[in-house]
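Structural features, examined
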Amino acid sequence: MAMATSQSQSKIAGMIGNAPVMQDVYALTQRAAQSSATVLLTGETGTGKELIARAVHELSPRASGPFIRVNCGALSESLLESELFGHVKGAFTNAFENRTGRFEAAHGGTVFLDEINSVSYKLQVKLLRVLQEHEFERVGDTKSIEVDCRIVAATNRDLLDEIDEDRFREDLYYRLNVLPIYLPPLRDRPEDVPLLVDFFIATYAAKNGKPTPQPTAEAISFLQRYAWPGNVRELQNYVERAIVLTDGDTLDADAFPPHVRGLAPVRIGRAKTGGAEALCRELVALGLSEAGDAANDLHERVVSLVEKELISQVLSTCQGVQTKAATRLGINRNTLHKKISDYHLDAEVR
Ligand SMILES: Nc1ncnc2c1ncn2[C@@H]1O[C@H](COP(=O)(O)OP(=O)(O)OP(=O)(O)O)[C@@H](O)[C@H]1O
Ligand SMILES: [Mg+2]
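Read on for a plain summary of the structure. Numbers given for residues are sequential positions, taken from 1 along each chain in its written order. Labels are handed out in written order, letters beginning with A for the chains and numbers beginning with 1 for the ligands. Note on the predicted model: pLDDT of at least 70 is required for a residue's local features to be given, and 80 or more for side-chain atom pairs to be given and counted; whole-chain, interface and lining totals, by contrast, use all residues. Think of the side-chain values as coming from all heavy atoms in the structure, minus any hydrogens and water.

**Here we look at the site of ligand 1**
A single heavy atom is enough: if one lies within 4 Å of a molecule or strand, its residue is considered near that molecule or strand. Taken together, 18 residues are adjacent to ligand 1, and Ile16, Thr45, Gly46, Lys49 and Gln236 come closest. Note that the domain bounds were set by an automatic or database domain assignment. When residues of the shell around ligand 1 are assigned to domains, at least three fall in each of domain 1 (20–182) and domain 2 (194–296).

**Regarding the pattern of salt bridges**
A pair is scored as a salt bridge if a Lys or Arg side-chain nitrogen falls within 4 Å of a carboxyl oxygen belonging to Asp or Glu. Going through the model one piece at a time under the given rule, you end up with 20 salt bridges. A single salt-bridge network, built from bridges that share partners, covers Glu50, Arg54, Arg69 and Asp114.

**Focus on the sheet that holds strand 9 (residues 179–182)**
Whether two strands pair depends on DSSP finding at least two bridges between them. Helix and strand definitions here come from DSSP, where helices need a minimum of 4 consecutive H or I residues and strands a minimum of 2 consecutive E residues; each element is numbered from the N-terminal end. Strand order across the open sheet formed by five strands is 2-5-8-1-9, with parallel pairing between neighbours. Every other strand in the sheet has two partners, leaving strand 2 (67–71) and strand 9 as the edge strands with one partner each. Across this sheet, the average inter-strand angle for adjacent strands is 20°, counted without regard to direction. Pairing between strand 1 (residues 39–42) and strand 9: four bridges, direction parallel. Residue pairing for strand 9: Val39 is matched across the bridge by Leu179. The convention used is that axes are lines fitted to C-alpha atoms, helices contributing only their stretch in contact, and that angles between N-to-C directions extend from 0 to 180 degrees.

**A short note on a negative patch on the surface**
Like charges within 9 Å and nonpolar side chains (Val, Leu, Ile, Met, Phe, Trp, Tyr) within 5 Å are joined into patches, using only residues over 30% in relative accessible area that form no salt bridge. Note on areas: Shrake-Rupley with a 1.4 Å probe; residue coverage comes only from the protein chains shown. Only four residue types enter the charge count: Lys and Arg as positive, Asp and Glu as negative, with His and the chain ends excluded. The atoms used to mark charge sites are NZ of Lys, CZ of Arg, CG of Asp and CD of Glu. A contiguous patch of negative charge on the surface is contributed by Asp158, Asp161, Asp164, Glu165, Asp166 and Glu170. Position of Glu170 among the secondary structure elements: in helix 7 (residues 170–176).

**Concerning the packing of helix 3 (residues 77–85) against helix 5 (residues 121–133)**
Interaxial distance between helix 3 and helix 5 falls to 10 Å at its minimum, and their mutual angle equals 15°. Classed by the angle they form, the pair helix 3 and helix 5 counts as roughly parallel. Where helix 3 crosses over helix 5, the two elements pack in a sense that is left-handed. Between helix 3 and helix 5, the contacting residues are Glu77, Leu80, Glu81, Leu84 and Phe85 on the first element and Lys122, Leu123, Lys126, Leu127 and Val130 on the second. Class assignment for the residues of the contact of helix 3 with helix 5 results in six nonpolar, no polar and four charged. Note on terminology: angles under 35 degrees are roughly parallel, angles over 145 are roughly antiparallel, angles of 65 to 115 are roughly perpendicular, and the others are oblique. Handedness of a helix crossing follows the sense of rotation of the near helix relative to the far helix, less than a right angle counterclockwise being left-handed and clockwise being right-handed. Residue contacts are defined here by distance: any two heavy atoms, one from each residue, within 4.5 Å place the two residues in contact. Side-chain classes are defined by residue name, with Ala, Val, Leu, Ile, Met, Phe, Trp, Tyr, Cys and Pro counting as nonpolar, Asp, Glu, Lys and Arg as charged, and the others, Gly among them, as polar.

**Here we look at unusual backbone geometry**
Even without being glycine, Glu115 reaches a positive phi, approximately 50°. Between buried and exposed lies partly exposed: a residue is buried under 20% and exposed over 50% of the maximum accessible area for its type, with that area taken using a 1.4 Å probe on protein chains only. For Glu115, a relative accessible area of 22% translates into the label partly exposed.

**Topic: helix 13 (residues 322–329)**
Looking only at helix 13, the buried set comprises Gln322, Ala325 and Ala326. Looking straight down helix 13, one finds its buried side chains confined to an arc of 100°; they lie on one side. Of the residues in helix 13, the exposed ones pointing more than 90 degrees away from the buried face are Thr327 and Arg328. The inward-facing, buried residues of helix 13 abut helix 12 (298–317) and helix 14 (333–342). Throughout, the arc means that of the directions going from the helix axis to the C-beta atoms.

Listed below in structure tokens is the structure:
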């Protein structure tokens, strides 16, 4: 007999989705919560890193202690230093009073260092000491303070790339990466899309005092094929928008923006994270949104997108002189000529 269970309930509060990759995330989260080891959350923007950070705290023996989030990307180096470690009166011009830092405030609980990749090299050294020795000094003080707090950190940049670029200390990385948890992008778990849609429809219908509409099969099918560069946050925003803008007992595909339905190109260049990773994500989204139903040529599509843009830009820098552009690109002049014609770039060659 069928059990009256809700398919959309995970064991982690607020986390919806049953895809096997998410089951792994939930299991890891539960295991991590039982230890006091440092957790490093990775994954694209909007994949649920903050929800998992809170869950690690709430499922841990420290749940009755404080959970303190610090967005390391939002503060300048000196403000972040004083925010994290506190300062003593007179430590710098505006230090009129002693101030307790977030590490001290989190004693017995958890500190969530969000956007850890933005921490300066100098502060990384100080963080390393907190992780290794559980102690630090307030800014302007010589007295060491000992703290007992679990650290959870999150990054939506690849820290190994940051290490290669000399922006992140390798020793700190290994201290942080004791228990890594990777949040997979939504496009890798399309089976979770209907559950998330139902969850957000119910949430926003209730919030707006509206009856709960049913999404049509066509709407779900589009949403499952879209590449979601902004992941669950993006889905959440579109469902909220759809609920606010439509009435009735069904939610049709046209309640969602045209690019989600594959009718308009995804704009390149919006990603919050920047860099090659973000660009690649957007190109994949663009390649998918332009692809037909049964398309299985993503590699070719994305490579063509890049190649066309590259050739067009180099041609324009070389004022359309093909021999010059071919030399710049390091390709044969005949090859360039053929590509110009394949990509219909002829009009751009003046
Ligand atoms: N599996 C999920 N179930 C329900 N809601 C989710 C899920 N994953 C993410 N969300 C929601 O999506 C939004 C973004 O999640 P969150 O802030 O945790 O992302 P993030 O990984 O920290 O992103 P960023 O790197 O941009 O900070 C939040 O409103 C969150 O509640
Ligand atoms: Mg976040």
